[in-house]
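The chain contents come next:
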Amino acid sequence: MAPSPDTYEMRCAAINIWLDGAGFISGRSAGRLLGLARMRKRPIEVTLARRQKRISRAPWVEVRQTTWYDGNDDRQRHNGITVATPARMLFGLAADLKDRSFENAADDAWNIGLINPGEVDLYLDRHRCRGKDGVARLERWLEKAFEMERPAQSMLERDLINALCDSGLPEPIRQFPLRLSHNALTVHLDIAWPDIRLAIEPGHNRFHRGVDASEQDTLRDLACGELGWDIIRLTQQIQHDLPVFAQQIRRVYLQRRRDIPLSRRGPISSN
């Protein structure tokens, strides 16, 4: 209506009225409504059952018709708008996004509590036999996810990992659990190569950091140093020139490999 502000949420509400229960907002549009980062605003994606005939729509709406439509099992209400469930949304993203973009989105969904690998695996088991796009991509993410106790803690962390792999470094372990000897506390190193005991800790992010974070980080790094680990902390400023910093980290990595004899390599006090 004319007096209403033309916002993304208002357009989604208008689509919801137009759908009148015949479909739901899906894909990246559902992800944006549910809180995922880096999800585009337009077009707004909508899923309808194949039997539905209503195709006339606004130019900023993308309608997808499918025979894979399980009614209430694939949709939920979110702030009064019918959207895909997190698992259905993730399946759609696996079909539409490339590997890195999908892993970013999946980690983000896991981090903010929308999904967890076990739930997604069960959902995949129910639907993988239907010839869906994205099954292989979702399976690859699950293989990595089940090796970790928790997801990457920020988009900066994911971006840095991608840049490090592009620089020629072997893919690091994300959220590597390390038990500290002095108090038996287990910490998680954001980006780690356990064989040479080198870890990278990207700067603060939207998920954590408190007032005393700097002091806590210093004490934690000292405890890791007692176990032979070298911890490199980076601020969010690296986001502006990731390839340059990735190359610098690569040089540190190679020097670390030269400094540590093969006989001394391997994780120390990990869970």
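Here is a short report on the structure shown in this document. (Residues numbered from 1 in each chain as written. Predicted model: local features only at pLDDT ≥ 70, side-chain atom pairs only at ≥ 80, totals over all residues. Heavy atoms only, no water.)

This part is about the overall build of the chain. Scanning the chain for helices and strands turns up nine helices and nine strands. Here the chain holds 271 residues, and 48% of them are scored as buried. Here the chain has roughly 13800 Å² of accessible surface; of this, 50% comes from carbon and sulfur atoms. (Helix = DSSP H or I, 4+ residues; strand = E, 2+ residues; numbered from the N terminus. Buried < 20%, exposed > 50% of the residue type's maximum accessible area, 1.4 Å probe, protein only. Areas by Shrake-Rupley, 256 points an atom, 1.4 Å probe, with all protein chains shown as cover.)

Let's shift gears to the environment of Glu-157. Secondary-structure assignment places Glu-157 in helix H7 (residues 155–166). In sequence terms Glu-157 and Ile-191 are 34 residues apart; their C-alpha atoms lie 7.7 Å from each other. In contact with Glu-157, not counting residues within four places along its chain, are Ala-152, Arg-174, Gln-175, Asp-190, Ile-191 and Pro-202. (Contact = heavy atoms within 4.5 Å.)

The subject of this paragraph is the packing of helix H3 (residues 86–96) against helix H6 (residues 135–145). Their axes nearest at 8 Å, the elements H3 and H6 cross at an angle of 110°. Relative to H6, H3 is oriented roughly perpendicular. Viewed along their axes, H3 and H6 form a crossing whose handedness is right-handed. Residue-level contacts link Leu-90, Phe-91, Ala-94 and Ala-95 of H3 to Val-135, Arg-137, Leu-138 and Trp-141 of H6. Broken down by class, the residue content of the contact of H3 with H6 amounts to seven nonpolar, no polar and one charged. (Axes fitted to C-alpha atoms, helices over the stretch in contact; angles between N-to-C directions. Parallel < 35°, antiparallel > 145°, perpendicular 65-115°, else oblique. Left-handed = near helix turned anticlockwise from the far one by under 90°. Nonpolar A, V, L, I, M, F, W, Y, C, P; charged D, E, K, R; others polar.)

Our next topic: the packing of helix H5 (residues 117–127) against H6. For any two helices packed against each other, the geometry is given by the interaxial angle and the distance between the axes. Viewed as axis vectors pointing N to C, H5 and H6 meet at an angle of 150°, and their least axial separation amounts to 10 Å. When the axis of H5 is compared with that of H6, the two are roughly antiparallel. In the packing of H5 onto H6, the handedness of the crossing is left-handed. Facing Pro-117, Val-120, Asp-121 and Leu-124 of H5, the residues of H6 in contact are Val-135, Leu-138, Glu-139, Trp-141, Leu-142 and Ala-145.

What follows covers the nonpolar core. Grouped together as the largest cluster of nonpolar side chains are 45 residues, with contacts concentrated most on Ile-25, Leu-90, Leu-93, Phe-102, Leu-138 and Trp-141. With six residues, the top contributor of residues to this core is H3. Apart from residues lying up to four places away in sequence, Leu-93 is in contact with Gly-27, Arg-28, Leu-36, Met-39, Phe-102 and Ala-105. In terms of nonpolar packing, the next biggest core, distinct from the first, is built from 19 residues, Ile-161, Ala-163, Ile-191 and Ile-200 among them. (Core = buried A, V, L, I, M, F, W, Y, C linked by side-chain atoms within 4.5 Å.)

Moving on, we come to the sheet that holds strand E8 (residues 198–201). With mixed pairing, four strands are arranged side by side in an open sheet as E6-E7-E8-E9. What marks the edges here is a single partner per strand, and that holds for strand E6 (173–179) and strand E9 (230–233). With strand direction ignored, the average angle separating the axes of adjacent strands in the sheet is 45°. Strand direction decides the pairing type here: E8 and E9, joined by four bridges, are parallel. Of the residues in E9, the one forming a bridge with Leu-198 is Asp-230. Helix H9 (residues 242–259) rests against strand E7 (186–193), E8 and E9 of the sheet, and its axis sits at about 160° to E8. (Pairing = 2+ DSSP bridges.)

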